[in-house]
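# Fold and contact review
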Amino acid sequence: MIRLTGIRKTFGKKVALDGLELDVREGEFFCLLGPSGAGKTTTLKTVAGLEQPDAGTVVLDGRDMAGVEPYDRGVAMCFESYALYPHRSAYDNLASPLRSPRYRLPAAEARDRIGAIAELLGISGLLDRRVGHLSNGQRQRVALGRVLVRPARAFLLDEPLSHLDTKLRQQMRAELKAIGAVRNTTTLYVTHDAVEALALGDRIGVVRDGRIVQTGTREEIWYRPCDTEVARAFGRPRINLLPGTVTGTGSFRTADGGVEIPLDTPAPTGAEVLAGVRPRDLTLHGPGHELTGTVYVTEVLGRSVEVTVRVGGQYVSLVAPRADTAGLRADDPVRVRVRPENLLLFEADRPERPGRRIGR
Ligand code: ATP
């Protein structure tokens, strides 16, 4: 439905997009995730026709968009900077796209559409207010509504929830995908928030330095991150990454020998690696290879507890149910279990690029 091939875009000497490839399927909710400056907004603008790429092609619904004006592309984009009429009412802002000759919806149908979207976005009570008098969060919802009321081939949403307070943001996150228009329309959604991408994306594209470094479902990205940087981006507490080497007997071993874990994936002997294991994949009881250590610190996270354990010269973090950690104090000896199948192996990080995943 949206296919970008070899997109390059520079601003003076700055390379914003560096051979970006993207393939979004019909009806899919696709999240572009990446840090500030990675090229997410430029990607959306390139799809919308608001930026012209220096090289590469944009194809929408099988049609090459070269030379096609933004208003002829059939996509609706929501800007982080709102782009609303401040002197007009929220209703007018929502209604104005529907009055354009492009849609020219009968007044009653337009009213119904606006009413339904306003309801879902929790702005029904604000429709008579001037946008200039609304709070940032309210304006952002009007801006999102202005996009969603339009019949479109695709929605392009640039951090549409970023100005909402935490509670509203969580609520909208849960509801956004249930909105009929969103469910039925291909959506390309930009965020720098990994939790948001995991919650919303049917698939996620991780953007870094003007390229997509990994595309996958949330499971693929979570269980099979392509490199250490993607592994670190998802999950709090962060994944443990222990430096060490691969032994002749096919185990992972830290330099001081304090951690040694058999590997269930082949890796070159002697290779300098990082062994990755997520805090929720380490346990204090149950099956798995045992590591002996002492408690460094515990932190209550609600129903679970984060325990940092010193194992040899390393610190590993694990998240355990409260019942398993009752009475644990600093310096208590503990045994941490790790199942080899939960261990991810990466090449060691280099200054020019993060370590790539090895094996499985
Ligand atoms: P953010 O989350 O901060 O919006 P982003 O991932 O959306 O980041 P882009 O806005 O696409 O990143 O920008 C990518 C790079 O291109 C950045 O280094 C940015 O400074 C640069 N850039 C984007 N637009 C312009 C422009 N109009 N002129 C000059 N440089 C630009």
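Just above, that's the structure.
A brief look at the structure comes next. (Residues numbered from 1 in each chain as written. Predicted model: local features only at pLDDT ≥ 70, side-chain atom pairs only at ≥ 80, totals over all residues. Heavy atoms only, no water.)

## Structural notes on the packing of helix H2 (residues 90-99) against helix H4 (residues 136-148)
The condition is simple: Comment: axis = line fitted to C-alpha atoms, over the contacting stretch for helices; angle = value between 0 and 180 degrees taken between N-to-C directions. Strands are runs of DSSP state E lasting at least 2 residues, helices are runs of H or I lasting at least 4, and numbering of each runs from the N terminus. Angle categories are assigned with fixed cut-offs, so that under 35 degrees is roughly parallel, over 145 is roughly antiparallel, 65 to 115 is roughly perpendicular, and the rest are oblique. For any pair of crossing helices, the crossing counts as left-handed if the nearer helix is rotated counterclockwise from the farther one by less than a right angle, and right-handed if it is rotated clockwise. Contacts were defined at the residue level, with two residues in contact if any of their heavy atoms lie within 4.5 Å. For this classification, Asp, Glu, Lys and Arg are treated as charged, while Ala, Val, Leu, Ile, Met, Phe, Trp, Tyr, Cys and Pro are nonpolar and the rest, including Gly, are polar.
The geometry of H2 relative to H4 is characterised by a closest axis approach of 8 Å and an angle of 25 degrees between their N-to-C directions. With respect to H4, the element H2 is oriented roughly parallel. Along this stretch, H2 crosses H4, giving a crossing that reads as right-handed. Residue-level inspection shows Ala90, Asn93, Leu94, Ser96 and Pro97 of H2 in contact with H4, the latter providing Val142, Gly145 and Arg146. Considering only residue class, the contact of H2 with H4 consists of four nonpolar, three polar and one charged.

## Quick look at the side chain of Ser96
Inspection of the secondary structure assignment puts Ser96 in helix H2. With sequence-adjacent residues up to four places away left out, Ser96 is seen in contact with Tyr85, Arg88 and Arg146.

## Considerations on the nonpolar core
The line we're drawing: Nonpolar cores are built from buried Ala, Val, Leu, Ile, Met, Phe, Trp, Tyr and Cys residues. Side-chain atoms within 4.5 Å join them into one set. Each residue's exposure class comes from its accessible area (1.4 Å probe, protein chains only) as a fraction of the maximum for that residue type: buried when under 20%, exposed when over 50%, partly exposed otherwise.
Judged by nonpolar contacts, the single largest core of 46 residues is most densely connected at Val142, Leu144, Leu148, Leu176, Tyr189, Ile204 and Phe234. With residues near it in sequence (within four places) discarded, Tyr189 still touches Phe29, Phe30, Cys31, Leu32, Leu157, Pro160, Leu161, Leu176, Glu196 and Leu200. Ranked by size, the runner-up nonpolar core spans 28 residues in total, among them Val311, Val316, Val334 and Leu343.

## Focus: the sheet that holds strand S7 (residues 154-158)
Note the cut-off: Pairing between two strands requires that DSSP report at least two bridges joining them.
With respect to topology, six strands assemble into an open sheet ordered S6-S7-S8-S3-S9-S10, the strand pairing being mixed. Strand pairing shows two members of the sheet lacking a second neighbour, strand S6 (75-78) and strand S10 (211-216), which therefore form its edges. Neighbouring strand axes in the sheet, compared pairwise and without regard to direction, differ in orientation by 15 degrees on average. Lying on the sheet, H4 is in contact with S6 and S7; it crosses S6 at an angle near 180 degrees.

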